[in-house]
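If you want the building blocks of each chain, they are given just below.
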Number of protein chains: 2
Amino acid sequence: MTSRFPDERRREVLAATRDLVAERGYSSTTVEAVAAATRTSKATLYRQWGDKAALVVEAVSAGSPLAIDRIDTGSLAGDLAAVVDQLAARAAVDVPIVLGLAGAGQRDPALPAALSSRLLPQVEALRAVVARAVARGELPADPPAARHLPYLLAGAVVAPTLLDGPAAVADAGYLRSVCDDVLLPALRAHP
Amino acid sequence: MTSRFPDERRREVLAATRDLVAERGYSSTTVEAVAAATRTSKATLYRQWGDKAALVVEAVSAGSPLAIDRIDTGSLAGDLAAVVDQLAARAAVDVPIVLGLAGAGQRDPALPAALSSRLLPQVEALRAVVARAVARGELPADPPAARHLPYLLAGAVVAPTLLDGPAAVADAGYLRSVCDDVLLPALRAHP
């Protein structure tokens, strides 16, 4: 079926979906509006994506793909700095959308599953960052803080917006100091 | 003016608002619906609260007041454990609402200001927890990790729901291990 829906049209639909979600929020974005904005039929969109949640999550991910799995600087501090630089570069666009999706996800069970499946490879890539540091002897085996790393990074990225409002966006300076002041000392601490 | 609006009616309005937000989300909750549910006039609600954001934020806060400022166990580990136990006890109710409010806050500028003003005293209380630990000699003066504490705690509470979906709620076991494995070692680390 994909052969009948060219890549260029696909990108156009994803871009239009992203614009609509950024403008209206997840709840108020409809497959109908995406269809109208891209002169596509609703049936085609449902055939290609299955449901609104899958369409929106692919649209958001396609707009700012994280590539933590491509990071390998040779040191734990270097890898974590590269991770948070990637997160910071996307925060202004991604945080409002992710919070909007999470809020909407309470009432749309398909949405969190679609989001999680996109985030899982990035969480695995973070595990690999720690595993390489252990292999290099930079960290003790199985550091207790490691299992919290994905949660702490995700939390650190959204927390300024939660506590200080939508104008407060996690930037690279703040996230690097979270690494230096909290994550690295915690990972290096001996249990 | 408050004298014409008895406390009992006030509590009733706040409870009804909380129920409506939990059920419909922030965006779909209207002052009109609160007025109808409580047989109050919209004019009265606007006179008492000013706007929907202030009404909702007071309703949410009144339902589960944090009282970090009342914690003083005599040790840093004890204080932090008491803090996260309070957060965990409220997470199942508060996290969906806070995420919904944060998502809606992108389009309603009054909301984040109202939320922040409620959260600020709790952030100050966390600063006091650290200051007491420094005064007792448990921590070095001005530990670099301390300024991130409110963000890391807020982030840790919402992160499971963001990464693993709405059924995943931060519980006391997880939050206590974040304290033991990450926050305490980071606070104690010497710069």
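Residues numbered from 1 in each chain as written. Chains lettered and ligands numbered in written order. Predicted model: local features only at pLDDT ≥ 70, side-chain atom pairs only at ≥ 80, totals over all residues. Heavy atoms only, no water.

Comments concerning the nonpolar core
Within soluble globular proteins, side chains that are nonpolar tend to cluster in buried spots. The condition that has to hold: Within this scheme, the nonpolar core is defined by two criteria: the residues are buried Ala, Val, Leu, Ile, Met, Phe, Trp, Tyr or Cys, and they are joined through side-chain atoms within 4.5 Å. Type-normalised accessible area, obtained with a 1.4 Å probe on protein chains alone, sets the label of each residue: buried when under 20%, exposed when over 50%, and partly exposed for intermediate values. The helix count covers DSSP runs of H or I at least four residues long, the strand count covers runs of E at least two residues long, and both are numbered beginning at the N terminus. The contact definition used throughout considers only heavy atoms, calling two residues in contact when any of these lie within 4.5 Å.
Formed by 78 residues in total, the largest nonpolar core has its most connected members in Leu-175 of chain A together with Leu-175 of chain B. Looking at this core, the elements with two or more residues in it are helix H5 (76–105), helix H6 (110–135), helix H7 (149–164) and helix H8 (172–188) of chain A together with helix H5 (76–105), helix H6 (110–135), helix H7 (149–164) and helix H8 (172–188) of chain B. Among residues more than four places away in sequence, those in contact with Leu-175 of chain B are Val-84, Leu-87, Ala-88, Ala-156, Val-157 and Ala-170 of chain B.

Some points on the environment of Thr-17 of chain B
All names here are of chain B. Mapped onto the secondary structure, Thr-17 falls in helix H1 (residues 7–24). On the accessibility criterion, Thr-17 (0% relative accessible area) is buried. Put simply, Thr-17 and Leu-115 are 98 residues apart on the chain and 15 Å apart in space, counted from C-alpha to C-alpha.

What to know about the interface of chain B and chain A
Let me state the cut-off plainly: What counts as buried area is the accessible surface, traced by a 1.4 Å probe, that two parts surrender upon association, with contributions from both included. N or O atoms closer than or at 3.5 Å make up a polar contact, with two conditions inside protein: a donor-capable atom paired with an acceptor-capable one, and, for residues adjacent in sequence, both atoms drawn from side chains.
Across the boundary between the two partners, chain B contributes 41 residues, which contact 42 residues of chain A. Here chain B meets chain A over a buried area of about 3500 Å², counting both sides, of which 72% is carbon and sulfur. Our enumeration of links across chain B and chain A arrives at 8 residue pairs in polar contact (both at pLDDT 80 or more). Secondary-structure elements contributing two or more residues to the side of chain B that touches chain A are H1, H5, H6, H7 and H8 of chain B. Examining the composition of the side of chain B that touches chain A, we find that 12 residues originate from one element, H7 of chain B, more than from any other.

Quick notes on the relation of the copies chain B and chain A
The following threshold applies: All copies are superposed by least squares; the fitting set is the C-alpha atoms of residues with a pLDDT of at least 70 in both.
Of the transformation superimposing chain B on chain A, the axial component is 0.0 Å and the angular component is 180 degrees, with the fit at an RMSD of 0.1 Å. Such values leave the two copies arranged in the relation of a two-fold axis. In terms of C-alpha distance to the rotation axis, chain B has Gly-155 of chain B as its closest residue, with the C-alpha 1.7 Å off the axis. By residue overlap, the copies meet face to face through one surface: 100% of the interface positions of chain B are interface positions in chain A.

Focus: the pattern of salt bridges
All names here are of chain A. Spelled out, the test is: For salt bridges, the criterion is a side-chain nitrogen of Lys or Arg within 4 Å of an Asp or Glu carboxyl oxygen.
All chains considered together, the criterion is met by 16 salt bridges over all chains. Arg-132 is the partner of Asp-72 in a salt bridge, and the nearest nitrogen-oxygen pair spans 3.2 Å. Within this pair, whereas Asp-72 is found in the loop between helix H4 (52–63) and H5, its partner Arg-132 is found in helix H6, the two being separated by 60 residues in sequence. Residue Asp-72 is classed as exposed on the basis of its relative accessible area of 52%.

Thoughts on the packing of H7 of chain B against H8 of chain B
Describing two packed helices takes the angle between their axes plus the distance from one axis to the other. Residues and elements named next belong to chain B. Rules: Note on geometry: axes are lines fitted to C-alpha atoms, helical ones only across the stretch in contact, with angles between N-to-C directions running from 0 to 180 degrees. When describing relative orientation, an angle under 35 degrees is termed roughly parallel and one over 145 degrees roughly antiparallel, while 65 to 115 degrees is termed roughly perpendicular and anything else oblique. Take the far helix as your reference; a near helix turned counterclockwise from it by less than a right angle gives a left-handed crossing, and one turned clockwise gives a right-handed crossing.
In the contact formed by H7 and H8, the axes pass within 11 Å of each other and the chain directions differ by 140 degrees. Taken as axis vectors, H7 and H8 run oblique relative to one another. Every pair of crossing elements has a handedness; the one defined by H7 and H8 is right-handed. For the pair formed by H7 and H8, the contact residues are Leu-149, Leu-152, Leu-153, Ala-156, Val-157 and Pro-160 on the first element and Tyr-174, Leu-175, Val-178 and Leu-183 on the second.

Thoughts on the domain arrangement of chain A
Residue and element names in this part refer to chain A. Cut-off, in case you're wondering: As annotated, the domain borders come from an automatic or database domain assignment. Side-chain classes are defined by residue name, with Ala, Val, Leu, Ile, Met, Phe, Trp, Tyr, Cys and Pro counting as nonpolar, Asp, Glu, Lys and Arg as charged, and the others, Gly among them, as polar.
With domains assigned, chain A is organised as domain 1 (2–61) and domain 2 (64–188). Between domain 1 and domain 2, the C-alpha centre-to-centre distance is 27 Å. Taken together, the 11 residues of domain 1 in the interface contact 13 residues of domain 2. In this structure, the connection of domain 1 to domain 2 is made through 0 residue pairs in polar contact (both at pLDDT 80 or more). With 7 residues, the single largest contributor to the side of domain 1 that touches domain 2 is H4. Taken together, the residues of the side of domain 1 that touches domain 2 break down into 7 nonpolar, 2 polar and 2 charged.

Here's the deal with the packing of aromatic side chains
Our working rule: Note on aromatic contacts: the rings of Phe and Tyr and the six-membered ring of Trp form a pair at centre separations within 6.5 Å, being stacked when their planes are under 30 degrees apart, edge-to-face when over 60 apart, and tilted otherwise.
Applying the stated rule across the entire model yields 4 aromatic pairs over all chains. When the centroid spacing of 5.9 Å and the interplanar angle of 65 degrees are considered together, the rings of Tyr-151 of chain A and Tyr-174 of chain B count as edge-to-face. One end of the pair, Tyr-151 of chain A, is in helix H7; the other, Tyr-174 of chain B, is in helix H8, on a second chain. Judged by relative accessible area, which is 16%, Tyr-174 of chain B ranks as buried. A centroid spacing of 6.0 Å and a plane angle of 90 degrees characterise the contact between Phe-5 of chain B and Trp-49 of chain B, whose relative ring orientation is edge-to-face. Taken as a pair, Phe-5 of chain B in the segment before H1 and Trp-49 of chain B in helix H3 (residues 42–49) lie far apart in primary sequence, 44 residues in all. For Phe-5 of chain B, a relative accessible area of 5% translates into the label buried.

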